[in-house]
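Tertiary structure, described
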Amino acid sequence: MLNHPDYIRHVLVDKSEQYDKDAAIFRIARPVLRDGLIATADMDLWRRQRRMMAPYFTPRTVSNFARNMTDETVRMLERWEARADLDAPLDVTDEFGQLALRIVSRSLFSADVGRAAQAFERAFQTANTVLGKFFSFPFPPLSFPTPSRIRLRRAIDDMDGFISDFIKKRVTEEMPPDQEPDLLSLFLHAVDEDDGKGMDLEQLHHEVLNICVGAYETTTNTLAWAFYLLARHPEVERRLHAEVDRVLGDRTVPDFEDLSKLPYTRMIIDEVLRVYSPAYQLMRHTREEDVIDGHRIPAGTQVLVNSYLLHRHPDFWEDPERFDPERFSPDQIARRPKHAYVPFGSGPRVCLGKHFALTEICLALATIARRHRLVTPEGAPEVLPDALITLHPKGGVHLRLERRS
Ligand code: HEM
């Protein structure tokens, strides 16, 4: 296990060709993710797929999806406001899960997923729990038909069904010419610059599923932890409100252009991703022998970066358990080694959806904070992180909605 920025840069950036994803966590996740971008250990396939998909995830191209993000957040707030029992706490983890899925589905398929989102969520939670338990205790083998493995198989079938319905529809019916192309149609028509060919339908299915899985729990948990921490740090919440109110003025909903004027909002998100990094374990497998700081790493070794620990390393983070967005002011960032903070990974396999995620989280946070507060219900217990394949709030985050005056 590596826990120093220099070693992490060595593995993820400088020698990334020597470290592939044939590592335990990806082997375990592969029944779900197959050979999609997140999990594939086939470097040639990964390079080709990443080349074809990366152009649709730049900060500029992601701006095309900003409206999906704010529209869906406003719809969520309207659903919250329309509840009969406004005072009852909301399970915000569940709410943000639906929000994240609705946003990614609209961006991928131009579709309103409605109830199908809940079925996908349930299937994902089943797979995450079964695989997370298997990760801590890998016995019996995944192919052995225990009741939980049968549940896992069904969950995978449900997630596949969710994706293939949209793909089938798009292959048989072209999009109306006046509609902005969604990610699915962009992937369908993407061709590799080397051989001029696109991806086959099976690979397309895997990539779309990887995008849904990559985009779903990570963003959900970041938003849930963000409001959990805001509810417990009123001074941070006050500064957030002041910034959002000042930048939006008479408007209630931010747009993409506002993001550069919301630096404190972004600092809050960066700090949430430090404290509760959703993808808290990065794993690699050495293809060839290597030496890190004088230690021999034989070929075939599993190398682990645990960002939960790295983001609390006392050499780089003062009083690391304290929630303090000021750590992400430009001068504090400049004083730290870049690889002391890797919530999105680093190097060639850095998160493809990083800009998508940051845009979505920032816009959702600002939209909610403009008019509402989420407050801790009286006597609510502390929420602990649960380390499954990703890190999520154990038992969910339950908060009460309050309209700002
Ligand atoms: C807060 C939200 C997110 C976090 C913290 C996060 C974190 C990460 C991390 C750490 C990796 C690298 C894993 C490794 O090196 O082993 C990764 C990869 C990836 N993520 Fe994200 N992610 C987030 C949101 C998203 C979103 C919204 C999407 C899609 C729209 C996405 C799609 C992907 C894909 C496809 C990869 C694989 C990239 C490759 O290997 O080329 N992620 N993510």
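Worth saying up front: this structure is predicted, and the values here are computed from it rather than measured.

Attention now goes to the UniProt feature "binding site: heme" (unreviewed entry) in the protein chain. According to UniProt, the "binding site: heme" (unreviewed entry) feature falls on Cys351. Counting through the fold element by element, Cys351 comes out in the loop between helix H14 (330-334) and helix H15 (354-371). On the basis of relative accessibility, which here comes to 30%, the residue Cys351 falls in the partly exposed class.

On to the sheet that holds strand S1 (residues 19-20). Ordered by their spatial adjacency, three strands build an open sheet running S1-S3-S6, and the pairing between neighbours is antiparallel. Whereas interior strands pair on both sides, the edge strands pair on one side only; in this sheet they are S1 and strand S6 (302-306). Relative to strand S3 (residues 281-286), S1 is paired through two bridges, and the arrangement is antiparallel. By the bridge assignment, Tyr19 is partnered in S3 with Thr286. Strands in contact with helix H2 (residues 24-33) are S3 and S6; relative to S3, the strand with the most contacts, it is inclined by about 105°.

With that out of the way, let us pick up the packing of H2 against helix H7 (residues 115-136). One can describe the packing of H2 onto H7 by two numbers: an axis separation of 10 Å at closest approach and a directional angle of 150°. Judged by the angle between their axes, H2 and H7 are roughly antiparallel. Considering how the two elements wind past one another, H2 and H7 form a crossing that is right-handed. Across from Ala24, Ile25, Ile28, Ala29 and Val32 in H2, the residues of H7 making contact are Ala127, Leu131, Phe134 and Phe135.

A few words now on the site of the ligand. Every one of the 28 residues lining the ligand counts as a neighbour, but Trp46, Arg50, Arg284, Arg349 and Cys351 are closest to it. Within the backbone of Gly214, one N or O atom sits 3.5 Å away from a nitrogen atom of the ligand. Arg284 has a polar side-chain atom sitting 2.8 Å from an oxygen atom of the ligand. Secondary-structure elements contributing two or more residues to the shell around the ligand are helix H3 (43-53), helix H10 (201-232), S3 and H15. Ranked by residue count, the leading element in the shell around the ligand is H10, at five residues. Residue composition of the shell around the ligand, grouped by class: 19 nonpolar, five polar and four charged.

Conventions used here
Numbering of residues starts from 1 in every chain and runs along the sequence as written. The model is predicted, so local features are restricted to residues of pLDDT at least 70 and side-chain atom pairs to those at 80 or more, both for listing and for counting; the totals for chains, interfaces and linings are taken over all residues. The basis for every side-chain value is the complete set of non-hydrogen atoms in the structure, without hydrogens or water. UniProt positions are given in the numbering used here, feature names are shortened, and annotations may be inferred rather than shown by experiment. Under the scheme used here, helices are H or I runs from DSSP no shorter than 4 residues and strands are E runs no shorter than 2 residues, and both carry numbers assigned from the N terminus. With a 1.4 Å probe rolled over the protein chains alone, any residue whose accessible area is under 20% of its type maximum counts as buried; one over 50% counts as exposed, and the rest are partly exposed. When DSSP finds two or more bridges between two strands, those strands count as paired. By definition, residues are in contact when any of their heavy atoms lie within 4.5 Å. Lines are fitted to the C-alpha atoms to define the axes, a helix being fitted only along its stretch in contact, and any angle between axes, read from their N-to-C directions, falls within 0 to 180 degrees. Oblique is the label for any angle not covered by the other classes, which are roughly parallel (under 35 degrees), roughly antiparallel (over 145) and roughly perpendicular (65 to 115). Handedness of each helix crossing follows the sense of rotation of the near helix against the far helix: counterclockwise by less than a right angle gives left-handed, clockwise gives right-handed. The criterion for a residue being near a molecule or strand is simple. One of its heavy atoms has to lie within 4 Å of it. By the criterion applied in these results, polar contacts are pairs of N or O atoms within 3.5 Å in which, for protein atoms, one can donate a hydrogen and the other can accept it, and in which residues neighboring in sequence qualify only through two side-chain atoms. Asp, Glu, Lys and Arg are counted as charged, while Ala, Val, Leu, Ile, Met, Phe, Trp, Tyr, Cys and Pro are counted as nonpolar; the rest, among them Gly, fall into the polar class.

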